Amino acid sequence: MSEEEKERRKKGISRRKFLTYTLGGTGGFLASVMLYPMVRFAVDPITKKGAESEFVDVGPVDEFNETYKSVQFSVKQKDGWYMPEEGTKLTAWVRKNPDGEFLALSPVCKHLGCTVTWEGNPDLKNEFFCPCHFGRYDENGVNIPGSPPTAPLDMYETKVENGRLLLGKIVPRTGV
Amino acid sequence: MLRKIYDWLDHRLDITPMWRGLADHEVPEHVNPAHYFSAFIYCFGGLTFFIVVIQILSGMFLTMYYVPDIVNAHASVEYLQNEVAFGKIVRGMHHWGASVAIVMLFLHTLRVFFTGAYKHPREFNWVIGILLFFVMLGLGFTGYLLPWDNKAYFATKVGVEIAASVPVVGPTIASFLLGGDIVGAQTLARFFALHVFFLPAALLGLLGAHFFLIRRQGISGPL
């Protein structure tokens, strides 16, 4: 290559590079126009996470006292194109706090999502127990150090209307 | 960056000869539209393959939502079309692409026929092409049932009746297609299996043979 030629090439890009870039760019654009709708279609559930939920009546307030009681109730939950007539079943462990407020705990273990039960282990009194990996929570639903869970049990939003207890959506525990 | 990754792989695996062997081949003047515009008729085979690629991709994505079951099939199609982002586009690609693929395949067949490209020594590739044609028709027929709406149901009923009219083996073919006594749950399940597993596998195998032969034998000469 002559000095002159080298000088000329330094200034701009070569014909081959230019063609590589333009053809690659055009091809990439066309491919992405084709692929974008399909990928967006596949990842759609990510954008739809977390639907609104309404408060559900779980019974008169005088049914609950200072010891935990489990209540079953169902919420309307849409599962894609499928909406079960009878709704999706949920459970809450409900008790009345000393201050008169209600505490409704979700039975889903904060370790890996199994179901906890109040005094589920006969040897562990006054505790929530998860049978999967021996997760333990004290009488306030707070995880006991040294057992697998790393956070207190989630709770339902509660509200009292006309002497009846209503449960809302599940939120992380606060005030413990 | 890409260059470096490629060089790293090439240094260890010597991949350049693999794709070079595929990529480097002479395109004869008489099939190059840059020389003769009328040579665009030689593009139909490649266009058919391009549409097939789109069909495979869009079909793969559709199965992320579709359920092959008489209770859920129509509901899941309605859901993916109306409630999932770009559902209309993805299903539309598959729906219209199915027709475009048959049209392209037909134009490709006409070109091969009228340029006499099927003649010796390429008669075997013509036979493979005809088999590909039947596999594509089978894909169209089985796919038509899957939305499980009225059109799908009666089209399949008619198709199965036609199959049943074949002398001697007709009723056997019809029972095989139906999987039971009526167009119902079992028909939908096996049409789905044929549509997404068996026929695409046959299609890819035959396409491989088709492409291998055309590279081996070269493109037929000018008229």
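Residues numbered from 1 in each chain as written. Chains lettered and ligands numbered in written order. Predicted model: local features only at pLDDT ≥ 70, side-chain atom pairs only at ≥ 80, totals over all residues.

**Brief notes about the overall build of chain A**
The helix and strand tally for chain A stands at three helices and nine strands. If you list the helices and strands of chain A from N to C, you get α-α-α-β-β-β-β-β-β-β-β-β. Over its C-alpha trace chain A gives a radius of gyration of 29 Å, far above what one expects of a compact globule, namely 16 Å for 176 residues. Each principal axis of the C-alpha distribution contributes one length, and for chain A these read about 95 × 40 × 30 Å. (Helix = DSSP H or I, 4+ residues; strand = E, 2+ residues; numbered from the N terminus. Rg over C-alpha atoms; globule rule 2.2 N^0.38 Å.)

**Observations regarding unusual backbone geometry**
Residues and elements named next belong to chain B. A cis amide bond links His-120 to the next residue, Pro-121, at an omega of 5 degrees. Looking at where Pro-121 falls in the secondary structure, it is placed in the loop between helix H5 (87-114) and helix H6 (123-145). With a phi close to 65 degrees, Phe-86 is a non-glycine residue in the positive phi region. Residue position: Phe-86 is located in the loop between helix H4 (73-82) and H5.

**Concerning the interface of chain A and chain B**
Taken residue by residue, the interface counts nine residues in chain A and 16 residues in chain B. In terms of residue count, helix H2 (residues 15-42) of chain A provides more of the side of chain A that touches chain B than any other element does, six residues in total. Residue classes in the side of chain A that touches chain B are distributed as six nonpolar, one polar and two charged. (Contact = placed C-beta atoms within 7 Å. Nonpolar A, V, L, I, M, F, W, Y, C, P; charged D, E, K, R; others polar.)

**Things to note about the domain arrangement of chain A**
Taken domain by domain, chain A comprises domain 1 (3-46) and domain 2 (56-171). The C-alpha-based centres of domain 1 of chain A and domain 2 of chain A are spaced at 55 Å. (Domains from an automatic or database assignment.)

**Points about the pairing of strand S4 (residues 102-105) of chain A**
All names here are of chain A. Alignment of strand S3 (residues 88-96) against S4, held across four bridges, turns out to be antiparallel. Looking at the pairing, Trp-93 lines up with Leu-105 of S4. In this structure, the hairpin formed by S3 and S4 is closed by a connection of five residues, where Gly-100 is found at a positive phi of approximately 95 degrees. (Pairing = 2+ DSSP bridges.)

**Quick look at the nonpolar core**
As a rule of thumb, nonpolar side chains are buried together in soluble globular proteins. Within the largest apolar cluster, 21 residues are counted, with the highest numbers of intra-cluster contacts made by B:Leu62, B:Tyr66, B:Ala73, B:Leu80, B:Val90, B:Leu146 and B:Leu188. The element contributing the most residues to this core is helix H9 (residues 185-217) of chain B, with four residues. Apart from the residues lying within four places of it in its own chain, the contact partners of B:Leu188 are B:Pro68, B:Asp69, B:Ile70, B:Ala73, B:Leu145 and B:Trp148. The next biggest cluster of nonpolar side chains, apart from the first, holds 20 residues, and it includes A:Cys130, A:Tyr137, A:Leu165 and A:Leu166. (Core = buried A, V, L, I, M, F, W, Y, C linked by C-beta atoms within 7 Å. Buried ≥ 20, exposed ≤ 12 C-beta atoms within 10 Å, placed from the backbone.)

**A short note on the sheet that holds strand S5 (residues 117-118) of chain A**
All names here are of chain A. Spatially, the three strands line up as an open sheet ordered S5-S6-S7, and their pairing is antiparallel. The strands lining the two open edges of the sheet, one partner per strand, are S5 and strand S7 (135-137). One ladder, built from two bridges, connects S5 with strand S6 (residues 128-130); its direction is antiparallel. Counted as the bridge partner of Trp-118 is Phe-128 from S6.

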